[in-house]
Amino acid sequence: MEAVVGSKVPAADNTLRILSLLASRKAPTPAAMIASLLDLPRSSVYQLLTVMHEHGFIAHYPEDKSYGLGVAAFELSSAYTRQEPLARLGAPLVAQLVDKVGESAHLAVLHGADVLYIVEERAKGRPSLVTDVGVRLPSHLVASGRAILSALPKSQVRALYPTPASFAGRESQSTISTYAQLRRELDQSAQRGYAVERGDLTADFNSLAVEIRDASGWPVAAVAVTFLADRIPEDQWGNLLEPIRATAAQLTARLHGHRQQ
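Reading the values: rules and limits
- Residues numbered from 1 in each chain as written.
- Predicted model: local features only at pLDDT ≥ 70, side-chain atom pairs only at ≥ 80, totals over all residues.
- Heavy atoms only, no water.
- Helix = DSSP H or I, 4+ residues; strand = E, 2+ residues; numbered from the N terminus.
- Buried < 20%, exposed > 50% of the residue type's maximum accessible area, 1.4 Å probe, protein only.
- Contact = heavy atoms within 4.5 Å.
- Areas by Shrake-Rupley, 256 points an atom, 1.4 Å probe, with all protein chains shown as cover.
- Salt bridge = Lys/Arg side-chain N within 4 Å of Asp/Glu carboxyl O.
- Core = buried A, V, L, I, M, F, W, Y, C linked by side-chain atoms within 4.5 Å.

Chemist: Explain the overall build of the chain to me, and be specific about the residues and the numbers.
Modeler: A count of helices and strands for the chain gives ten helices and nine strands. Counting every position in the chain, which comprises 261 residues, the buried fraction comes to 46%. Residue pairs at least 24 apart in sequence account for 54% of intrachain contacts in the chain once pairs closer than 6 positions are excluded. For the chain, the accessible area works out to roughly 13600 Å², and carbon and sulfur atoms hold 52% of it.

Here's what the structure looks like:
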C-alpha cells in the first residue's frame, strides 16, 4: 500500500506543524501568531487548537490568549526515554547505587500528574516499599516526582495541577494540598539541587531524589533512595546524596550517548 503523505491529509500535517512550532518556542504563542508563522488560515488554526486542547496535547493560557504544549505532548516526547530503553540503561546503575549506600533505590518517570516506577531495587534486609515497578503515585507526594516537577517550567507544573481537586484522592501525611505549597516545595528542591520526602507517603520513611535530563535538558526521570528516617539522620544525608547525584549523572550521560569512564 502506498504511504500516505502529508499533502494528502492537510489537517494531520497542519496539526503536526503546530505542535512542532510550539515545541520550538520558549513561551506560549497566540493563535494569530501561529497562523501567521505557519501561513495558515486563522479559522483552521483555531479549530485544530480546540481539538488538540481537548485531547491534552496543548495547554491554553486564557490570560495571555496563548497556547503551549500540553501534558499529552510531553508524554509523547519523553515516551522513548521513559519506557524500556530508560529502564534497561538505568537498572544496572540503580543496582550499583543500592550496593554503595545499602538502602533501597528506584527510578521513576512522570506520567501525567503521577510518577511511574520503572526500576525498583530493594536493599538486602530492608523492608518492602510501595514503589514497585509499574506502580503509579501522585508526583507531589514523592521525592522522585518533586525532583522532576522542580525542573519543569512553572507553566507546565501549573497545567498538571490546575485546581485544588488535583491534590485530592489519596490519603497521606503530606502538608502539600495546594499549588502554593507545592510551588514552595519545588522552589526549595531546585535551590538545593535535590528533592526530599519526609514521610509524606509512608510514615517513618524518607526519600532523596535527583532528576535526570535528556539531551535537550528536559527532565525525563528521577533516581531516588528511600530509607527509614531513624536510620539516617539529616546531618548524614550527604553520604547518600553524593552517590545519588553520581548515578543521575551516569544515566544522563548514557541517555546522551556518552561513554562512561
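Read on for the rest.
Chemist: Pulling in residues and values, what's your account of the side chain of T252?
Modeler: Locating T252 in the fold gives a position in helix α10 (residues 238–255). Ignoring sequence-local partners within four residues, the contact set of T252 consists of I212 and R213.

Chemist: Give a description of the pattern of salt bridges that names residues and reports values.
Modeler: By the definition in use, this model includes eight salt bridges. For E103, the salt bridge is made with R231, and the minimal N-O distance between the two is 3.2 Å. Note that E103 is positioned in the loop between α6 (84–101) and β4 (104–111) and R231 in the loop between β9 (219–228) and α10, a separation of 128 residues in sequence. With relative accessibility at 2%, the residue E103 sits in the buried group. R183 serves as the salt-bridge partner of D187, at 3.2 Å between the closest nitrogen and oxygen. Of this pair, D187 and R183 both sit in helix α9 (residues 179–192), separated by four residues, roughly a single helical turn. Classification of D187 as partly exposed rests on a relative accessible area of 34%. In this structure R183 comes out as buried when scored by relative accessible area, which is 12%. Salt bridges here are not isolated pairs; linked through shared partners, they connect R146, E185, R192 and D200.

Chemist: Requested: an account of the nonpolar core, with residues and values cited.
Modeler: Burial of nonpolar side chains together is a common tendency in soluble globular proteins. Counting residues in each nonpolar core, the largest one holds 31 residues, and the members touching the most others are L107, I118, L208, V223, V225, L240 and I244. No other element matches α6, which puts seven residues into this core. When residues no more than four places from it in sequence are discounted, the contact partners of V225 are L97, V101, E103, S104, A105, N206, S207, L208, L240 and I244. Core analysis: the next-biggest nonpolar cluster, separate from the first, contains 27 residues, V71, L110, V115 and Y161 among them.

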